[in-house]
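# A structural walkthrough
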Amino acid sequence: MRSDGYPVRAIANPLQGLTSDTAYVSSYLTTIEGPKVLVGHSYGGAVITNAATTVPDITSLVYIAAFIPAKGETVGELAAKSDPALPLVSTPVPGGTEVIFDPARFRTAFAGDLDKATAAELAITQRPATTRAVTDPSVEEGFRTIPFWALVTRQDRAIYPDVQRLMTTRAHARTTEVDASHSVMLSRPGAVTEIIERAAR
């Protein structure tokens, strides 16, 4: 992306709940002038869906193996459609509970097309999310008014391909499919870059 002349910002997603994460990302977006393409992976798809309508100059949305919730729907409800359920490990923390992917099963669920060493590193460095990330209902549908694209990952065991297709079909997304795991940004970076640049054009 950057080598092709696009300015890129990687906004940190706090993973503290859809409502607060949307407010955080929206606030950050107001500091960026000019047209913007929002890209969300996994839970990030829910965040951009809600943040997109809160700031001007969002020209397109891109969902990379991502949740695309309808208004009133939660990420947890969509995640429950995958079978088997995600292998999560919970930890009580002040003010709630945090979850991560079970490191022992991380590669199978999240990174099946990456080598063992890379998958192990990702499992160790993953950031926990509070359970509010999956229980806060979506309140906006940015994809209703903003052009959007989606990349479906056929080897995904975090958001199963059929669940991704359900979301992309009902939302009428411009959809591309690729043989990749949930970690498609690492295993198939060219496919990810291509769809983002297509949306930018």
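Up top you'll find the structure we're talking about.
The present account deals with the structure reproduced in this document. (Residues numbered from 1 in each chain as written. Predicted model: local features only at pLDDT ≥ 70, side-chain atom pairs only at ≥ 80, totals over all residues. Heavy atoms only, no water.)

### Things to note about the pattern of salt bridges
Inspection of the entire model under this criterion finds seven salt bridges. Glu 73 is the salt-bridge partner of Arg 170, the closest N and O atoms lying 2.4 Å from each other. One end of the pair, Arg 170, is in helix H7 (residues 161-171); the other, Glu 73, is in the loop between strand S2 (58-66) and helix H3 (75-79), with 97 residues separating them in the sequence. According to the relative accessible area criterion, Arg 170 is partly exposed, its value standing at 32%. Where Arg 144 meets Glu 141, a salt bridge forms, and the shortest distance between an N and an O atom there is 2.9 Å. Here the residues in one salt-bridge network are Arg 154, Asp 162, Arg 165, Glu 177 and Asp 179, joined through shared partners. (Salt bridge = Lys/Arg side-chain N within 4 Å of Asp/Glu carboxyl O. Helix = DSSP H or I, 4+ residues; strand = E, 2+ residues; numbered from the N terminus. Buried < 20%, exposed > 50% of the residue type's maximum accessible area, 1.4 Å probe, protein only.)

### Regarding the pairing of strand S1 (residues 36-42)
Bridge count for S1 against S2 is seven bridges, and the pairing is parallel. When the bridges of S2 are listed, Lys 36 appears paired with Ile 58. Following the backbone out of S1, through helix H2 (residues 44-51) and into the adjacent parallel S2, one traces a crossover that is right-handed. (Pairing = 2+ DSSP bridges. Right-handed = clockwise from strand over helix to strand, strands pointing away.)

### Topic: the packing of aromatic side chains
Applying the stated criterion across every chain yields a total of five aromatic pairs. Ring geometry for Tyr 63 against Phe 148: centres 5.8 Å apart, planes inclined by 85°, an arrangement best described as edge-to-face. Residue Tyr 63 is located in strand S2, and its partner Phe 148 is located in strand S6 (residues 148-153); the two are separated by 85 residues in the primary sequence. Taking relative accessible area as the criterion, Tyr 63 reaches 1% and is therefore assigned buried. On the basis of an interplanar angle of 50° and a centroid distance of 5.7 Å, the ring pair of Phe 143 and Phe 148 is categorised as tilted. Overall, the relative accessible area of 6% leaves Phe 143 in the buried class. In this structure an aromatic cluster arises from ring pairing among Tyr 63, Phe 143 and Phe 148. The ring of Trp 149 has Arg 174 lying over it, and the distance from NZ or CZ to the ring centre is 4.6 Å. (Phe/Tyr/Trp six-rings, centres within 6.5 Å; stacked < 30°, edge-to-face > 60°. Lys NZ or Arg CZ within 6 Å of the ring centre and 35° of its normal.)

### With respect to the sheet that holds strand S3 (residues 88-93)
Read from one edge to the other, the open sheet built from three strands follows the order S3-S4-S5, with strand pairing classed as antiparallel. The sheet is open, and its two borders are formed by S3 and strand S5 (129-130), each paired with just one other strand. In this sheet, strand S4 (residues 96-101) lies alongside S3 in antiparallel orientation, the contact comprising six bridges. Paired with Val 93 across the bridge in S4 is Gly 96.

### Some words on the environment of Arg 105
Among the structural elements, Arg 105 can be located in the loop between S4 and helix H4 (106-110). Distance from Arg 105 to Asp 179, taken between C-alpha atoms, is 20 Å for residues 74 residues apart in sequence.

### Observations concerning the nonpolar core
Formed by 34 residues in total, the largest nonpolar core has its most connected members in Leu 29, Ile 58, Leu 61 and Tyr 63. Sequence-distant contacts of Leu 61, defined by excluding residues within four places in its chain, comprise Leu 38, Ile 48, Ala 52, Gly 142, Phe 143, Ile 146, Pro 147, Phe 148 and Trp 149. Val 178, Val 184, Val 192 and Ile 196 belong to the second-largest nonpolar core, a separate cluster that totals twelve residues. (Core = buried A, V, L, I, M, F, W, Y, C linked by side-chain atoms within 4.5 Å. Contact = heavy atoms within 4.5 Å.)

Geometry only, nothing functional implied.
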